[in-house]
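Inside the fold
These are the residues of each chain, in order.
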Amino acid sequence: ELFQKHMFEQDLAQRPRVLDAGCGMARYAGDLADVFAYEGVDLSEKMLECARERNPQLNFKHMSFAHSDFPDGRFHGIWCFCALNTTPKAEVPKVFKEFKRILGHRGLLFLAMPNHGYVSEGVENTQLGVPLYYSSWDPIEFAPVVLGAGFKILNLVRREEFGSFTVLAQKI
């Protein structure tokens, strides 16, 4: 809701274009596509197969959100829900650099990050039987990385009941 509210405060002449970065099985694709011009990317072909089955009318690409082939300034917003935690912490500033490149002037970035009360990173096996890199951030550790990448934090909320936190940031 906060993401949507801020997107429409930008007084855009067209329907805002949003990238679902690390869309997985497209859990939020339908809701996002109801409001925005939607595109989803993910590195997992298995996840994208599920996404396409669930939302055949939407556009999904097999691509890393860290190294996309989108043109500069293509998106008004980026939605990245519990996907950035699959990137090694040392690589996150590079991801933010790419997000900043593909976001338009004053573009918005919404991030949901798992936070399980500890700060760590490593490889875990997933329910799909595939090893997956995983990192857990604390908001106090994460905020300076967002700011250092050229974003202004508009909202940061700890969601203890979900074991996560959310960040709404704007490209500056």
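Residues numbered from 1 in each chain as written. Predicted model: local features only at pLDDT ≥ 70, side-chain atom pairs only at ≥ 80, totals over all residues. Heavy atoms only, no water.

If you check the backbone angles, alanine 26 has positive phi at about 70° while not being a glycine. Mapped onto the elements, alanine 26 comes out in the loop between β1 (17-21) and α2 (29-35). According to the relative accessible area criterion, alanine 26 is buried, its value standing at 3%. For cysteine 82, which is not glycine, the phi dihedral falls at a positive 50°. (Helix = DSSP H or I, 4+ residues; strand = E, 2+ residues; numbered from the N terminus. Buried < 20%, exposed > 50% of the residue type's maximum accessible area, 1.4 Å probe, protein only.)

To continue, consider the packing of aromatic side chains. Counted according to the given criterion, the structure contains 15 aromatic pairs. Centroid distance phenylalanine 3 to phenylalanine 110: 6.1 Å. Interplanar angle 55°. Geometry classified as tilted. Of this pair, phenylalanine 3 sits in helix α1 (residues 2-8) while phenylalanine 110 sits in strand β5 (residues 103-114); the two residues are 107 residues apart in sequence, bridging distant segments of the chain. Of the two residues, phenylalanine 3 and phenylalanine 110, neither departs from the other in class, the shared state being buried. The interplanar angle of 50° and the centroid separation of 4.5 Å between the aromatic rings of tyrosine 28 and phenylalanine 81 together place this pair among those described as tilted. Highlighted residues: tyrosine 28 in the loop between β1 and α2 and phenylalanine 81 in strand β4 (residues 75-81), separated in sequence by 53 residues. Among the aromatic residues, ring-to-ring pairing joins Phe65, Phe96, Phe99, Trp137, Phe142, Phe151 and Phe165 into one connected group. (Phe/Tyr/Trp six-rings, centres within 6.5 Å; stacked < 30°, edge-to-face > 60°.)

So, about the nonpolar core. Ranked by size, the top nonpolar core spans 29 residues in total, and within it Leu84, Phe96, Phe99, Phe142 and Phe151 carry the most contacts. Of all elements in the fold, only β1, β4, α4 (92-102), β5, α5 (139-148) and β9 (164-171) reach the threshold of two or more residues within this core. Considering every element that reaches this core, the biggest residue donor is α4, with 5 residues. The contacts of phenylalanine 96, once residues within four sequence positions are left out, are Leu84, Leu109, Leu111, Phe142, Val145, Val146, Ala149 and Phe151. Judged by nonpolar contacts, the second largest core, of 20 residues, contains Phe3, Cys23, Ala33 and Trp79. (Core = buried A, V, L, I, M, F, W, Y, C linked by side-chain atoms within 4.5 Å. Contact = heavy atoms within 4.5 Å.)

Attention now moves to the state of the cysteines. Summed over all chains, the structure comprises 0 disulfides. The cysteine cysteine 23 is free of any disulfide, with cysteine 80 supplying the nearest cysteine sulfur at 10 Å. Left unpaired, cysteine 80 is separated from the closest cysteine sulfur, that of cysteine 82, by 8.7 Å. On the accessibility criterion, cysteine 80 (0% relative accessible area) is buried. (Disulfide = S-S within 2.5 Å.)

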